[in-house]
Amino acid sequence: MLRIDFPIATTRLTLRPFRPEDAEDVGDYQGRPDVARFMRWEPRGAEDVRVAVEQMTRETGLVSDGDCLSLAVVEPGTGKVVGQVELVLLSAEHRQGELGYVFHPAHQGKGFATEAASAVLRLGFEELGLHRVIGRCHADNTASAGLLERLGMRREARLIGTEFFKGAWRDDLVYAMLQREWQAPAARRDTAHAPEAGTGARA
Ligand SMILES: CC(C)(COP(=O)(O)OP(=O)(O)OC[C@H]1O[C@@H](n2cnc3c(N)ncnc32)[C@H](O)[C@@H]1OP(=O)(O)O)[C@@H](O)C(=O)NCCC(=O)NCCS
């Protein structure tokens with residue numbers, strides 16, 4: 001496994017592995033119906049949050065197919081966890097990954113998700129050597145689709161009626177980016193690790 005140097009600093013945020021003591025901050029957003037609406041879980045109570053955070057504390061690297069790297073997104077000024085980002089290794093052989101993210105509504109609308117997700121794409125493409133990263137969302141999740149488009153990902157598909165989800169058949173949007181697209185100047189995003197930080201970024 002490639003060693004990842006934590007914390008990862010972006011212009012306004014810090015990304016680091018989860019700790020058990022993050023449960024209170026995580027509960028502040030994972031407990032909300034508006035946050036859970038398009039997630040596979042229902043709003044989480046304290047015990048479910050404790051279990052979820054405990055699981056995320058163990059998701060610190062990508063070795064085998066299905067492994068998930070979960071990172072807490074911290075606002076340095078307050079030390080609060082304002083959201084989470086993740087990268088799943090779909091296939092080590094084919095260097096495929098999938099991006100995920102959840103933010104507290106109080107910290108949405110500021111470009112934080114764009115900034116943190118850009119850092120995850122940079123990690124995936126530049127450090128882990130992924131060939132392709134996808135993002136999938138419920139077709140009604142316009143905030144998520146908007147984020148994937150801000151990141152410069154390509155909309156590849158709308159899958160119809162993929163599953164019966166929270167009382168209705170759902171459609172899914174599939175977005176993707178290739179390593180070579182990330183490396184193209186127009187696809188660069190704002191991370192503190194990128195020497196050209198901010199220059200090509202809409203974030
Ligand atoms: C999906 C989610 C992370 C998107 O969050 P977001 O706050 O909309 O995304 P960003 O942080 O990139 O912020 C973008 C917004 O901030 C604005 N903004 C302000 N300053 C900005 C900046 N410096 N850079 C970029 N955008 C900025 C943008 O204009 C945009 O506003 P708009 O939505 O009115 O167009 C969030 O809605 C969420 O957590 N949802 C619940 C969980 C969920 O559904 N997860 C996805 C499952 S697939």
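Conventions and cut-offs
- Residues numbered from 1 in each chain as written.
- Predicted model: local features only at pLDDT ≥ 70, side-chain atom pairs only at ≥ 80, totals over all residues.
- Heavy atoms only, no water.
- UniProt positions renumbered as here; feature names shortened; annotations may be inferred.
- Helix = DSSP H or I, 4+ residues; strand = E, 2+ residues; numbered from the N terminus.
- Near = heavy atom within 4 Å.
- Polar contact = N/O pair within 3.5 Å; in protein donor to acceptor, adjacent residues only side chain to side chain.
- Areas by Shrake-Rupley, 256 points an atom, 1.4 Å probe, with all protein chains shown as cover.
- Nonpolar A, V, L, I, M, F, W, Y, C, P; charged D, E, K, R; others polar.
- Axes fitted to C-alpha atoms, helices over the stretch in contact; angles between N-to-C directions.
- Left-handed = near helix turned anticlockwise from the far one by under 90°.
- Contact = heavy atoms within 4.5 Å.

Things to note about the UniProt feature "domain: N-acetyltransferase" (unreviewed entry) in the protein chain
- UniProt annotation of "domain: N-acetyltransferase" (unreviewed entry) refers to residues 13–180 when read in the numbering used here.
- Taken as a whole, residues 13–180 contains 30% helix and 37% strand, while its terminal C-alpha atoms sit 26 Å from one another.

With respect to the site of the ligand
- In the region of the ligand, 22 residues are neighbours, and F103, G109, A113, T114 and N141 sit closest.
- At a separation of 2.7 Å, an oxygen atom of the ligand approaches a polar backbone atom of A113.
- Taken by itself the ligand offers 950 Å² of open surface, and the protein chains cover 71% of this.
- Contributions of two or more residues to the shell around the ligand are made by β5 (96–103), α4 (112–127), β6 (132–138) and α5 (142–150).
- Among the elements that line the shell around the ligand, the one with the most residues is α5, at 4 residues.
- For the shell around the ligand, a count of residues per class yields 11 nonpolar, 6 polar and 5 charged.

Description of the packing of helix α1 (residues 23–30) against helix α3 (residues 46–57)
- α3 packs onto α1 with a crossing angle of 120° between their chain directions and a minimal axis gap of 9 Å. The two elements α1 and α3 meet at a crossing, and its hand is right-handed. Across the interface between the two elements, A23, V26, G27 and Q30 of α1 pack against V49, A52, V53 and M56 of α3.
- Split by residue class, the contact of α1 with α3 holds 6 nonpolar, 2 polar and no charged.

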